Number of protein chains: 2
Amino acid sequence: MKTGEEKILLSHGNGGRMMHQLIENLFIKYFSNSILEEQTDSAILQIDTPEIAFTTDSFVIDPLFFPGGNIGKLAVCGTVNDLAVSGAIPRYLSVSFIIEEGFAMKELEVIVSSLAEEARKANVSIVTGDTKVVNKGKCDKLFINTTGIGSVRNENRLISNALDFSAGDVIIINGTIGDHGMAVMSARESFNFKSQVTSDCASLNHLIREVLDRSSSVKFMRDPTRGGVATVLNELAGKTGMGIDIDETALPLSRGVTAMCELLGFDPLHIANEGKVLIVANQEEGKHILEIMKKNELGVHSAIIGRITNDHPGKVVLKTETGGSRIIDTLTGDPLPRIC
Amino acid sequence: MKTGEEKILLSHGNGGRMMHQLIENLFIKYFSNSILEEQTDSAILQIDTPEIAFTTDSFVIDPLFFPGGNIGKLAVCGTVNDLAVSGAIPRYLSVSFIIEEGFAMKELEVIVSSLAEEARKANVSIVTGDTKVVNKGKCDKLFINTTGIGSVRNENRLISNALDFSAGDVIIINGTIGDHGMAVMSARESFNFKSQVTSDCASLNHLIREVLDRSSSVKFMRDPTRGGVATVLNELAGKTGMGIDIDETALPLSRGVTAMCELLGFDPLHIANEGKVLIVANQEEGKHILEIMKKNELGVHSAIIGRITNDHPGKVVLKTETGGSRIIDTLTGDPLPRIC
């Protein structure tokens, strides 16, 4: 570990000697692989499929550390999951840091170490990167961009404009909702409320691979991050022109998230997740997929939470515990900025 | 154009309705292509070579607008050039924005329009993206990450650890040095000095392609950005264990850069370029490459600026106009932060 007092300086980002030392002593040390070690302008990658998936995400989460993870772990999970829900096998990541002058080297090392550990778990290689340092006060501690490449196996290709939905198709999720958003919220200094909520931040590619290897009937997959489950389902309803019914009693919810949402007046359907996937399949296949998911450690609490319907086209409707119903819309305002 | 008063709000980054409007009305409008329009989690790309080049860069330049370009143009050129100097044909870019709340929509539109225009010139497609908005004061107006993919043609593969250098090999550059850094410096509000220096910011892939199509003897190519020509040549000297002589009288320098560097005490060899490439080849092939480069509009002022030597191994030495010599080292401090 670095000594406690070392700080990031502007010269760690100037392309000169200190930047090279930072790359050698921190990034290459933790991300160690033969491609990265070439230190060329571009990583040269072998591609074994005629198509690849390509996705990018910048992480500006506040605070950097939260129950269940930190910005480094999150930066891997977020991009790995975007590749996986496209039906691709995540392979390579780039990592780009924007660091505020004066940031503690020790904290950076913890974050870089988490990034490396999560990349190993997800079986992806960090093959190229970039470091910029901005003057104190010009960014909020640390932002990370990860951009990912995955191999597309044609039998798993999922393209949402080639959808074929029917009334009765089921909507499955791999566990409790809203945990990431509420965990980050509870970690904020301004929030004076003891909570036991832990982020669900996790790489879902192995779970998704198990599903796709054993079912060829997945109609739709998406990770409900910013904007939560409500936003993904509204997009799906909009694109398909079908309606969606959600069963309130079927929604997996942790006690902590339920308590925080009641206290703060949030709807968990609008809260971000970072280790959840929504899957749509016909009813029979849905039950099969549910069984597969429940056997994975990241899917123990999987549940069918709703159905596609011919009613209320383009709208998502929550069937409440008390027998009523309520339209669940996409968010417009932002109750929780910088959640990812 | 957007009306003058519209501002970026936190809800433009929350995954909800306003973010989707921003994507539709700004990003898709300007970057328009069929892959981006799918709006899936990952872009699905056709790859026609067994290898690809992959590179990432975050741009934090201050100010956003400077003589000769803006952060949008720069974000394309920087990544396109990193791919091109690896011998790859740049094909696809991701673009990720981190925007400060309150940023003027009109300025964002100008920047997005420049990004789109430069991508067209460079013949690359912007196929996926991300938008984050942070609270006022938590970043400095706008940061952009671009990550690029290029096709690697095996006959053009350049890997710097497989180098084969000899004394007498020449070092060629495609024009004047230091223009980008000095143009950005002169655009800063704190700098009260009228200057006519314009950034050299340009996509070099077409120039580089002409060279590689007509010469199979390029030993090394690199774009001298942060840290300037001095940093690239020091890396080369370090990796090869050979010495490098630079001829001061041969260095192409604009009058504006010469004047600013004299005034401020900078060495133009340490100043960033964003439209320059350093090429190493044997003496005979070097002359041939020089002729090719001079015929391209981005290479009119190309020159041989130095040579590989068996003397002073690992060191870069400037042979001065007056017949003296001086070691040119890599920068340690940073006289010009946030130049890219």
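The structure displayed is predicted, hence computed values, not measured ones.

Asker: What is the right way to look at the domain arrangement of chain A in this model?
Answerer: Reports of interface size often rely on the accessible area that becomes lost once the parts have come together. All names here are of chain A. By domain assignment, chain A separates into domain 1 (10-156) and domain 2 (170-327). Centre-to-centre separation of domain 1 and domain 2, based on C-alpha positions: 27 Å. At the junction of the two partners, domain 1 supplies 27 residues and domain 2 supplies 24 residues. In this assembly, domain 1 and domain 2 are joined by 1 salt bridge. With a shortest N-O distance of 2.7 Å, R153 and D213 are connected by a salt bridge. Here domain 1 is connected to domain 2 by 10 residue pairs in polar contact (both at pLDDT 80 or more). Elements with a minimum of two residues in the side of domain 1 that touches domain 2: strand 3 (65-66), helix 3 (71-84), strand 5 (88-100) and helix 4 (105-122). The leading source of residues in the side of domain 1 that touches domain 2 is helix 3, at 9 residues. Grouping the constituent residues of the side of domain 1 that touches domain 2 by class yields 15 nonpolar, 6 polar and 6 charged.

Asker: Could you clarify how one ought to interpret the relation of the copies chain A and chain B in this entry?
Answerer: Note: a rotation about an axis with an accompanying shift along it relates these two copies of the chain. Each copy superposes on the other: chain A lies on chain B with an RMSD of 0.0 Å after a rotation of 180 degrees and an axial shift of 0.0 Å. Taken together, the turn and the small shift mark the pair as related by a two-fold rotation axis. The rotation axis passes nearest to the C-alpha of C139(A) in chain A, at a distance of 2.0 Å. Interface overlap between copies is the fraction of interface residues in one copy that are interface residues in the other; for chain A against chain B it reaches 100%, indicating a shared surface.

Asker: How should the sheet that holds strand 12 (residues 303-309) of chain A be read in this particular structure?
Answerer: In a beta sheet, neighbouring strands pair by backbone hydrogen bonds and run either parallel or antiparallel. Residue and element names in this part refer to chain A. With respect to topology, 7 strands assemble into an open sheet ordered 9-11-8-12-10-13-14, the strand pairing being mixed. Looking at strand neighbours, the two that pair on one side only are strand 9 (220-222) and strand 14 (325-327), the edges of this open sheet. Sheet twist, expressed as the mean angle between neighbouring strand axes with direction ignored, is 25 degrees. Seen against the sheet, helix 9 (residues 283-294) touches strand 8 (170-173), strand 11 (278-281) and strand 12 and runs at an angle of roughly 10 degrees to strand 8.

Asker: How should I be thinking about the interface of chain A and chain B in this particular structure?
Answerer: The interface is formed by 77 residues belonging to chain A together with 78 residues belonging to chain B. Interface area, chain A with chain B, both sides summed: about 6100 Å², of which 53% is carbon and sulfur. When the area that chain A buries against chain B is broken down by residue, the three leading residues are D41(A), F54(A) and R226(A), summing to 13%. At the junction of chain A with chain B, the criterion picks out 8 salt bridges. For the pair chain A and chain B, the interface holds 39 residue pairs in polar contact (both at pLDDT 80 or more). A breakdown of the residues in the side of chain A that touches chain B according to their chemical character gives 28 nonpolar, 30 polar and 19 charged. For strand 2 (residues 51-59) of chain A and strand 1 (residues 43-46) of chain B, the ladder comprises 4 bridges, and the chain directions are antiparallel. Counted as the bridge partner of F54(A) is A43(B) from strand 1 of chain B.

The rules we used
Residues numbered from 1 in each chain as written. Chains lettered and ligands numbered in written order. Predicted model: local features only at pLDDT ≥ 70, side-chain atom pairs only at ≥ 80, totals over all residues. Heavy atoms only, no water. Domains from an automatic or database assignment. Contact = heavy atoms within 4.5 Å. Salt bridge = Lys/Arg side-chain N within 4 Å of Asp/Glu carboxyl O. Polar contact = N/O pair within 3.5 Å; in protein donor to acceptor, adjacent residues only side chain to side chain. Helix = DSSP H or I, 4+ residues; strand = E, 2+ residues; numbered from the N terminus. Nonpolar A, V, L, I, M, F, W, Y, C, P; charged D, E, K, R; others polar. Least-squares fit on C-alpha atoms with pLDDT ≥ 70 in both. Pairing = 2+ DSSP bridges. Axes fitted to C-alpha atoms, helices over the stretch in contact; angles between N-to-C directions. Buried area = accessible area lost by both parts, 1.4 Å probe.

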